[in-house]
Amino acid sequence: MGTSTTETALELPSLMSTPIELHQKPPINANNDGDGKEIDDTKMALDQVVQESRDSTVTNKSAESISKWRASVIIGTVSLTSFINTMLAGVLVLSLPTIALELGLSQSLLLWPASVNTLASGCTFLLAGSTADIVGGRKIYLIGEFLLVITTIACGVSRTGIQLILFRASQGVAISLCLPSSVLLITKNIPNGVYRNTAFACLGAGQPLGFSVRLVLGGVFIDGVGWRYGYYIGAILTFVIFIISIFGIPLDDDSQTMSIIFRRMGAEIDWIGCALISTSLGMFSYVFSVLAASSSHFLAPASLSLFSIAMALLSIFAFYINRQERLGRKAIFPASIWRKRVFTSLCIIVFLMWGVFESMQFFLTLYFQSIQGLTALQTSVRFLPMVIAGVATNILTGWLVKILRADVLVLGSAVITSVSPLLMAIINPEWSFWTCAFFASACAPICADVLFTVANLLITTIFPRNAWLGWGGKGNGNSPPQTLMDGYKATFWLCFGVDIFILGIVSFGLRRIGKVGFKIE
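Structure report, in brief. For clarity, every value in this text was computed on a predicted model and none was experimentally measured.

Rules used throughout
Residues numbered from 1 in each chain as written. Predicted model: local features only at pLDDT ≥ 70, side-chain atom pairs only at ≥ 80, totals over all residues. Heavy atoms only, no water. Patch = residues over 30% accessible without salt bridge, like charges linked within 9 Å, V, L, I, M, F, W, Y side chains within 5 Å. Areas by Shrake-Rupley, 256 points an atom, 1.4 Å probe, with all protein chains shown as cover. Salt bridge = Lys/Arg side-chain N within 4 Å of Asp/Glu carboxyl O. Helix = DSSP H or I, 4+ residues; strand = E, 2+ residues; numbered from the N terminus. Expected span 1.5 Å × (residues − 1). Buried < 20%, exposed > 50% of the residue type's maximum accessible area, 1.4 Å probe, protein only. Axes fitted to C-alpha atoms, helices over the stretch in contact; angles between N-to-C directions. Parallel < 35°, antiparallel > 145°, perpendicular 65-115°, else oblique. Left-handed = near helix turned anticlockwise from the far one by under 90°. Contact = heavy atoms within 4.5 Å. Phe/Tyr/Trp six-rings, centres within 6.5 Å; stacked < 30°, edge-to-face > 60°. Core = buried A, V, L, I, M, F, W, Y, C linked by side-chain atoms within 4.5 Å.

1. Regarding a nonpolar patch on the surface
Now for step 1: On the surface, Trp69, Ile236, Val240 and Ile244 cluster together into a nonpolar patch covering about 400 Å² of accessible area.
Now for step 2: With three residues, helix H7 (residues 228-248) is the single largest residue contributor to the nonpolar patch.
Now for step 3: Structurally, Val240 can be placed in helix H7.

2. Details of helix H10 (residues 301-326)
Now for step 1: In this model, H10 (26 residues) spans 38 Å end to end at C-alpha, consistent with the 38 Å of a helix rising 1.5 Å per residue.
Now for step 2: All buried positions along H10 are accounted for by Ser303, Ala310, Leu313, Phe317, Tyr320, Ile321, Gln324 and Glu325.
Now for step 3: One or two residues past the end of H10 sits Gly328, with phi positive at roughly 75°.

3. Looking at the packing of helix H4 (residues 137-156) against H7
Now for step 1: Packing of H4 against H7 brings their axes to within 8 Å, and their N-to-C directions diverge by 160°. One way to sum up the angle between H4 and H7 is to call them roughly antiparallel. Seen from above, H4 lies across H7 with left-handed handedness. Residues Arg138, Tyr141, Leu142, Glu145, Phe146, Leu148, Val149, Thr152, Ile153, Cys155 and Gly156 of H4 pack against Arg228, Tyr231, Tyr232, Gly234, Ala235, Thr238, Phe239, Ile241, Phe242, Ser245 and Ile246 of H7.

4. Points about H7
Now for step 1: Between its first and last C-alpha atoms H7 spans 30 Å; for 21 residues at 1.5 Å apiece the expected length is 30 Å, and the two agree.
Now for step 2: Every buried residue belonging to H7 is among Arg228, Gly230, Tyr231, Gly234, Ala235, Thr238, Ile241, Phe242, Ser245 and Gly248, and all of these are buried.

5. Some words on the packing of aromatic side chains
Now for step 1: Scanning all chains against the criterion turns up 15 aromatic pairs.
Now for step 2: On the basis of an interplanar angle of 80° and a centroid distance of 5.7 Å, the ring pair of Tyr229 and Tyr232 is categorised as edge-to-face. Placement of both Tyr229 and Tyr232 in helix H7 is noted, with a separation of three residues, approximately one turn of the helix.
Now for step 3: The partly exposed category is assigned to Tyr229, whose relative accessible area is 46%.
Now for step 4: Residue classification places Tyr232 among the partly exposed positions, given a relative accessible area of 27%.

6. Side note on the nonpolar core
Now for step 1: Core analysis: the biggest nonpolar cluster contains 87 residues, and Tyr141, Ile186, Ile190, Phe368, Met424 and Val454 have the highest contact counts within it.
Now for step 2: By residue number, the principal contributor to this core is helix H11 (residues 341-371), which donates 14 residues.
Now for step 3: The next biggest cluster of nonpolar side chains, apart from the first, holds 28 residues, and it includes Ile140, Phe284, Ala310 and Cys347.

7. Describing the pattern of salt bridges
Now for step 1: Applying the stated rule across the entire model yields four salt bridges.
Now for step 2: For Glu102, the salt bridge goes to Arg228, with nearest N and O atoms at 3.0 Å. A residue pair is termed long-range when its members are at least 10 positions apart, and Glu102 in helix H2 (residues 68-103) and Arg228 in helix H7 qualify at 126 residues.
Now for step 3: Judged by relative accessible area, Glu102 falls into the partly exposed class, the value being 43%.
Now for step 4: Taking the shortest distance from any N to any O, the salt bridge between Asp407 and Arg405 comes out at 2.6 Å.

8. Considering the environment of Ala318
Now for step 1: Here Ala318 shows up in helix H10.
Now for step 2: What makes Ala318 partly exposed here is its relative accessible area of 36%.

Written out as structure tokens, the structure is:
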């Protein structure tokens with residue numbers, strides 16, 4: 001192997017440039033006897049990937065030959081789809097008090113329009129990814145886009161709370177068709193290097209920016225034209241994306257007949273594994289959404305029963321995928337992948353960082369409105385630094401990934417992000433916005449945006465396909481402001497503590513993984 005492969009270079013010629021494999025790819029280096037051995041094993045695996053990628057370029061140049069127009073269409077459409085979905089979810093959350101009054105939504109169902117979307121999406125996400133791998137990323141993506149248009153319009157014209165909940169659930173199924181197929185479209189069609197870096201930077205920017213922009217536009221919709229227009233505008237934009245995608249995204253391999261597709265779906269999709277993990281995740285989502293309304297709800301018989309069943313199903317699933325892999329049978333993803341330090345560390349970091357990011361946005365909103373008494377529109381203006389910082393971060397990340405080591409890049413961004421909750425934990429409500437709140441708003445999205453890009457590049461490059469295809473008011477006016485502020489500060493200190501914990505995971509779990517985002521000739 002050449003010297004470049006010993007630098008642990010992870011942005012390799014696309015694994016997706018090879019024909020789609022019809023068999024399960026074996027896990028990389030399941031046995032880890034120590035950190036030193038794991039690093040050596042990882043380098044050996046990467047050497048193997050490099051050689052396979054070089055060999056594949058002799059016979060397959062499809063990803064390299066894509067036009068700039070089609071590459072731009074793929075990058076733009078998949079990023080805007082993620083952006084619009086998260087933006088509309090945010091507008092809904094900020095509009096919930098208004099929606100509850102207009103649609104007669106009871107307090108017991110108040111959180112369901114927001115949470116049912118995630119519940120439905122989580123239950124169908126893995127199955128959608130497996131189906132896209134067989135049927136074709138373009139077909140599944142276009143079906144998801146079309147369903148998004150219909151369900152978004154339906155949400156806007158809802159006349160009752162039950163209708164809105166049902167349409168939001170349908171919208172969740174639609175977005176679950178779009179997201180995994182988006183990753184497949186990128187890895188199959190976009191050549192590695194600058195375009196691949198840009199694609200994952202934009203896709204990674206979609207969700208954090210959508211959550212940030214929602215806070216800006218939320219005030220406009222609430223204090224202005226009304227929440228329904230948010231869905232109407234979202235439906236129009238999604239329809240435009242759908243039309244452009246029809247003509248701009250390269251066609252899938254149409255050599256398969258329907259009988260072959262159905263045979264492959266029966267033989268290659270782990271239906272038992274999908275059913276076990278999807279049911280378990282759905283029950284967990286329901287219990288946690290009920291718990292968000294009141295902690296006392298967890299002790300209700302229904303919640304306790306569902307939580308117990310979900311835990312049992314999760315245990316059965318863990319045993320099942322271990323058995324499937326041991327016997328050499330198909331599994332929704334290999335169990336041994338969780339023994340890979342980099343993969344497990346990335347999953348933990350993404351989970352925690354995303355939680356901190358959402359918490360910062362939510363409690364910044366409460367701080368501005370409940371403590372400082374600002375209107376929704378005034379609050380929206382104070383989130384502009386977050387939006388601008390998020391855009392700048394993703395543009396910069398697409399360039400930095402091929403210059404800096406991935407662990408250094410994530411570690412540096414995590415340090416910057418940890419400043420945000422620290423500033424809000426020591427803030428005085430009488431201080432000017434420019435003293436602390438401005439910097440807290442600007443620093444909050446940095447690590448989330450960097451991490452999304454780096455994680456996508458790492459996961460889709462060095463791990464098997466079946467490991468990555470399956471990859472949310474106002475405060476209570478009855479509480480005194482000082483009591484609220486004490487609670488908010490406790491939350492900000494907690495977020496700061498989680499950020500410090502993330503720094504430790506990055507330092508241990510991602511050390512020496514090398515650079516991502518450059519091309520090996």
